[in-house]
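Listed below, chain by chain, are the residues.
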Amino acid sequence: MRCASAWSPAGLSGIFETHIVEDPLLTGARGAGLALKKGVTVTACESEQQGVKISISDGGKIIPTVSTVAKKLLSMFPGQLGVEIYVDVSVPIGGGLGTSGASALATALALGRLLGLRLSYLDLAKIAHVAEVECKTGLGTVSGLVAGGVVIVVRPGAPGNDLVDRLLFDKDMKAIIGFFGSRSKPEILSSASLPLIDAVGKRLIDELIRERSLEKLLEVSKRFSLETGLATENVKRAFNALEEAGIPYAGQTQIGDAVFTVVHDEQVDKAVEVLNNLKAKTIVSEISWEPARLV
């Protein structure tokens, strides 16, 4: 049985400004966030049974972007082929950690390889981006996962149409995420308050572009979540507790009931203790300078 595998970093966004137009390749979001070394591995294998069978590592609900990408790629394959897709996710689903985008991108890379399609990396990344737009699970996530590192999406759109810059950071820095629960991203992306959210996002992203640093990213991310009203009560409590512990720079994962910060090694234990005391599921991850790739 032939198989192919791909890995994508998970990714979180701390701030965004949506750009939704008729063309999904031009639809996207300006914003900023990080790619994590914890992520998603997808293995695609030939199957004797026709159609697509998808399995998720935690036995949870199927991620819609995976089946959407699979259908798009199989429609390009000149023949009939059954496929089994195994998705191994190492971060919580639904917490604003980019699992839909990461799963879409890793699926596109793995299945594109398995099918032997004459498509480039950017071609496959565009298919993953369009799947996210169509499923209303994200707008700019794939752009960050194709770049890796700490990113600013300066111009929205699919990979190849966008413009992404990367910020430098010290190698001993770790991302700490406190996950409290899932939120419905499609509901928020379709909400009547989106124009207000976008106005705040535009102003603060412009501020970040003028002062490009990781500390500034965390600062504007916190202000964005508070000024837009996206911050949950859990996130607000986490902001206060982290600040009292001497960790003032933090943001909310967009769009999730979760908080994140980036600290040097000597502050990791303190940040974890604060979030554990708040009953959050705490994740510690290095930042991935490496983008999604075949494995």
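In the annotation of an unreviewed UniProt entry, the entry for the protein reads Pantoate kinase, and the organism field reads Thermofilum adornatum. UniProt, in the comment section headed Pathway (unreviewed entry), describes the protein in these words: "Cofactor biosynthesis; coenzyme A biosynthesis." Listed under Sequence similarities (unreviewed entry) in UniProt, the entry text for the protein is "Belongs to the GHMP kinase family. PoK subfamily."

Student: Which residues make up the packing of aromatic side chains, and what values do they have?
Tutor: Counted according to the given criterion, the structure contains 2 aromatic pairs. Pairing Phe 16 with Phe 224 gives two aromatic rings, centres 5.2 Å apart and planes at 70°, and the pair type is edge-to-face. In this pair, Phe 16 sits in strand 1 (residues 3–19) while Phe 224 sits in helix 7 (residues 214–228), placing the two residues 208 residues apart along the sequence. The exposure classification of Phe 16 matches that of Phe 224, with both residues buried. Between the NZ or CZ atom of Arg 166 and the centre of the ring of Trp 289, over which it lies, the distance is 4.0 Å.

Student: Residue-level account of the sheet that holds strand 7 (residues 173–181), with values.
Tutor: Taken together, 4 strands build an open sheet; the order of strands is 8-9-7-10 and the sheet is antiparallel. Edge positions in the sheet fall to strand 8 (251–252) and strand 10 (281–286), since each has one partner strand and no second. Relative to the sheet, helix 7 contacts strand 7, strand 8 and strand 9 (257–264), its axis offset from that of strand 9 by approximately 160°. Against the sheet, helix 8 (residues 233–244) contacts strand 7, strand 8 and strand 9, and its axis sits at roughly 25° relative to strand 9.

Student: So what's going on with the UniProt feature "domain: GHMP kinase N-terminal" (unreviewed entry) in the protein? Residues and values would help.
Tutor: Within this structure's numbering, the places UniProt gives as "domain: GHMP kinase N-terminal" (unreviewed entry) are residues 66–136. Within residues 66–136, the helical portion is 58% and the strand portion 11%, while the C-alpha atoms at the span's ends are 13 Å from each other.

Student: Residues and numbers for helix 3 (residues 121–135), please.
Tutor: Helix length check: helix 3, at 15 residues, gives a terminal C-alpha distance of 21 Å against a target of 21 Å (1.5 Å per residue), a fit within 8%. Turning to helix 3, its buried residues are Leu 124, Ala 125, Ile 127, Ala 128, His 129, Val 130, Ala 131, Glu 132 and Val 133. One or two residues past the end of helix 3 sits Lys 136, with phi positive at roughly 60°.

Student: Please set out the domain arrangement of the protein residue by residue, giving values where relevant.
Tutor: When cut into domains, the protein gives domain 1 (1–164) and domain 2 (171–284). Inter-centroid distance (C-alpha atoms) of domain 1 to domain 2 is 23 Å. Each side of the interface is counted separately: domain 1 has 30 residues, and domain 2 has 38 residues. When domain 1 packs against domain 2, the two sides together hide about 2600 Å² of surface, and 73% of this comes from carbon and sulfur. Here domain 1 is connected to domain 2 by 1 salt bridge. One salt bridge in this structure joins Asp 206 and Arg 30, with 2.8 Å as the shortest N-O distance. In terms of residue class, the side of domain 1 that touches domain 2 is built from 16 nonpolar, 10 polar and 4 charged.

Student: Tell me about empty space enclosed by the protein, and name the residues and values.
Tutor: Summed over the entire model, instances satisfying the criterion amount to 1 cavity of 30 Å³ or more. Taken together, 27 residues make up the lining of the largest cavity; nearest its centre are Ser 13, Phe 16, Gly 140, Thr 141 and Gln 254. Sorting the residues of the lining of the largest cavity by element identifies strand 1, strand 2 (28–47), helix 4 (141–147), strand 5 (150–155) and helix 5 (185–189) as the ones contributing at least two each. Ranked by residues supplied to the lining of the largest cavity, first place goes to strand 2 with 7 residues. A domain split of the lining of the largest cavity shows at least three residues from each of domain 1 (1–164) and domain 2 (171–284).

Student: Outline the state of the cysteines, supporting the account with residue identities and numerical values.
Tutor: Evaluation of the coordinates by the stated rule reveals 1 disulfide. Here Cys 3 pairs with Cys 45 through a disulfide, and the sulfurs are 2.1 Å apart. Linking Cys 3 and Cys 45, the disulfide has an S-S dihedral of approximately 110° and is accordingly described as right-handed. Of the two residues, Cys 3 sits in strand 1 while Cys 45 sits in strand 2, which places them 42 residues apart along the sequence.

Student: Could you give me a rundown of the pattern of salt bridges, with the residues and numbers involved?
Tutor: Evaluation of the coordinates by the stated rule reveals 17 salt bridges. With its nearest N and O atoms 3.1 Å apart, the salt bridge here joins Asp 206 to Lys 202. Residue Asp 206 and its partner Lys 202 are located together in helix 6 (residues 194–210), separated by 4 residues, close to a single helical turn. Note on Lys 202: relative accessible area 42%, which makes it partly exposed. Among the charged side chains, a salt-bridge network with shared partners connects Glu 207, Glu 211, Lys 216, Glu 219 and Arg 223.

The rules we used
- Residues numbered from 1 in each chain as written.
- Predicted model: local features only at pLDDT ≥ 70, side-chain atom pairs only at ≥ 80, totals over all residues.
- Heavy atoms only, no water.
- UniProt positions renumbered as here; feature names shortened; annotations may be inferred.
- Phe/Tyr/Trp six-rings, centres within 6.5 Å; stacked < 30°, edge-to-face > 60°.
- Helix = DSSP H or I, 4+ residues; strand = E, 2+ residues; numbered from the N terminus.
- Buried < 20%, exposed > 50% of the residue type's maximum accessible area, 1.4 Å probe, protein only.
- Lys NZ or Arg CZ within 6 Å of the ring centre and 35° of its normal.
- Pairing = 2+ DSSP bridges.
- Contact = heavy atoms within 4.5 Å.
- Axes fitted to C-alpha atoms, helices over the stretch in contact; angles between N-to-C directions.
- Expected span 1.5 Å × (residues − 1).
- Domains from an automatic or database assignment.
- Buried area = accessible area lost by both parts, 1.4 Å probe.
- Salt bridge = Lys/Arg side-chain N within 4 Å of Asp/Glu carboxyl O.
- Nonpolar A, V, L, I, M, F, W, Y, C, P; charged D, E, K, R; others polar.
- 1 Å grid on protein atoms, 1.4 Å probe; cavity = no way out; pocket = protein on both sides within 12 Å on 5 of 7 lines; lining within 4 Å.
- Points joined across faces, edges and corners; volume = space filled by probe spheres on them.
- Disulfide = S-S within 2.5 Å.

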